[in-house]
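One letter stands for each residue in the lines below.
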Amino acid sequence: MEKVQNDLVKEALELNATHAAMVEVTKIPFNEDFRKLCEQNSCGSYNKNWMCPPAVGPISDLIKRVSGFKQGLLLQTVHQLEDSYDWEGMLEGQANHEKIFRKLLEHVEKRNIFSQILPLSAGPCMHCAKCAYLTGKECSFPDKAISSVEAYGIDVTALLKGCGIPYSNGQNTVSYVGLILL
């Protein structure tokens, strides 16, 4: 299993993740305050996406779901910005992170050695241009839908620190985090 873990970290880095590490689920720190940020609509996606609160479910259920896994592949992508107000660069960085994350997820799924996988990434699910939630319809692609690490109440800063990965990566950068539970 150690070889598989090393291979997954190596694949993440080869796919342009800036940092990657394996983490034991028992060491994942939870903080329900992050969910409160969702409820305050700090990212603008609250009640607008199937993979965001409240549609994604109660925080206690999500923490319990995470606890059913043994380990996770943690990755971080870092993107350069023109300056700290470069909103367009932040969105471009998020889109690049999404591409890297989904490509890595595809690699993990192709291995076909894990009985279950739970992918969690940065921000709301972006698989569809417009989430079916907004029209009152069921998710069109439940097998491709991805929730955020924060919606599950995971303390990203503490998680990164515990894996030796910096949360802040220098002036005029933006960082995004993903976690594939195995």
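Located above this text is the structure these notes cover.
Residues numbered from 1 in each chain as written. Predicted model: local features only at pLDDT ≥ 70, side-chain atom pairs only at ≥ 80, totals over all residues. Heavy atoms only, no water.

Visitor: Would you explain the pairing of strand β5 (residues 173-181) in this entry?
Guide: Consecutive residues of a regular strand have side chains that alternate between opposite faces of the sheet. Of all nine residues in β5, seven are buried, a share of seventy percent or more. Pairing geometry for strand β2 (residues 71-80) and β5, over nine bridges, is antiparallel. What sits directly across from His79, in β5, is Val174. The pairing of strand β3 (residues 118-121) with β5 spans three bridges and is antiparallel. Bridged to Pro119 within β5 is Ile180. (Buried < 20%, exposed > 50% of the residue type's maximum accessible area, 1.4 Å probe, protein only. Helix = DSSP H or I, 4+ residues; strand = E, 2+ residues; numbered from the N terminus. Pairing = 2+ DSSP bridges.)

Visitor: Just checking my understanding: could you explain helix α4 (residues 87-111) for this structure?
Guide: Structural remark: α-helix, 3.6 residues per turn; residues separated by three or four positions point the same way. End to end, α4 covers 36 Å across 25 residues, agreeing with the expected 36 Å (1.5 Å per residue, within 8%). Among the residues of α4, Gly89, Met90, Gly93, Gln94, His97, Glu98, Ile100, Phe101, Arg102, Leu104, Leu105 and Val108 are the ones counted as buried. Where α4 is buried, its residues touch α1 (2-14), β2, β3 and β5. Of the residues one or two after α4, Asn112 is the one with positive phi, at around 50°. (Expected span 1.5 Å × (residues − 1). Contact = heavy atoms within 4.5 Å.)

Visitor: What is the right way to look at a negative patch on the surface in this model?
Guide: Taken together, the side chains of Glu82, Asp83, Glu88 and Glu92 define an acidic patch exposed on the protein surface. Position of Asp83 among the secondary structure elements: in the loop between β2 and α4. The class of Asp83 is partly exposed, set by a relative accessible area of 36%. (Patch = residues over 30% accessible without salt bridge, like charges linked within 9 Å, V, L, I, M, F, W, Y side chains within 5 Å. Areas by Shrake-Rupley, 256 points an atom, 1.4 Å probe, with all protein chains shown as cover. Salt bridge = Lys/Arg side-chain N within 4 Å of Asp/Glu carboxyl O. Lys, Arg positive; Asp, Glu negative; His and termini not counted. Charge placed at Lys NZ, Arg CZ, Asp CG, Glu CD.)

Visitor: Whenever I open this one, the side chain of Thr77 confuses me. Can you help?
Guide: As for its placement among the helices and strands, Thr77 is situated in strand β2. Looking at Thr77, the relative accessible area reads 1%, which means it is buried. In this view, Thr77 contacts Asn16, Ala17, Thr18, His97, Ile100, Val174, Ser175 and Tyr176; residues no more than four positions away in its chain are not counted.

Visitor: Which parts of the structure should I look at to understand the packing of α1 against α4?
Guide: What describes two packed helices is the angle between their axes and the distance between those same axes. Running from amino to carboxyl end, α1 crosses α4 at an angle of 150°, the nearest separation of the two axes being 10 Å. In terms of their interaxial angle, α1 and α4 are classed as roughly antiparallel. In this structure, α1 meets α4 at a crossing whose hand is right-handed. Contact residues: α1 offers Val4, Asp7, Leu8, Glu11 and Ala12, while α4 offers Leu104, His107, Val108 and Arg111. Among the residues making up the contact of α1 with α4, the classes are represented as five nonpolar, one polar and three charged. (Axes fitted to C-alpha atoms, helices over the stretch in contact; angles between N-to-C directions. Parallel < 35°, antiparallel > 145°, perpendicular 65-115°, else oblique. Left-handed = near helix turned anticlockwise from the far one by under 90°. Nonpolar A, V, L, I, M, F, W, Y, C, P; charged D, E, K, R; others polar.)

Visitor: Help me understand the packing of aromatic side chains in this model?
Guide: We describe a pair of aromatic rings using the distance from one ring centre to the other and the angle between the two ring planes. Scanning the entire structure with this criterion turns up one aromatic pair. When the centroid spacing of 4.9 Å and the interplanar angle of 85° are considered together, the rings of Trp50 and Tyr133 count as edge-to-face. With a gap of 83 residues between them, Trp50 in the loop between α2 (33-39) and α3 (59-67) and Tyr133 in the loop between β3 and β4 (147-148) connect regions that are remote in the sequence. The exposure class of Trp50 is partly exposed, given its relative accessible area of 22%. (Phe/Tyr/Trp six-rings, centres within 6.5 Å; stacked < 30°, edge-to-face > 60°.)

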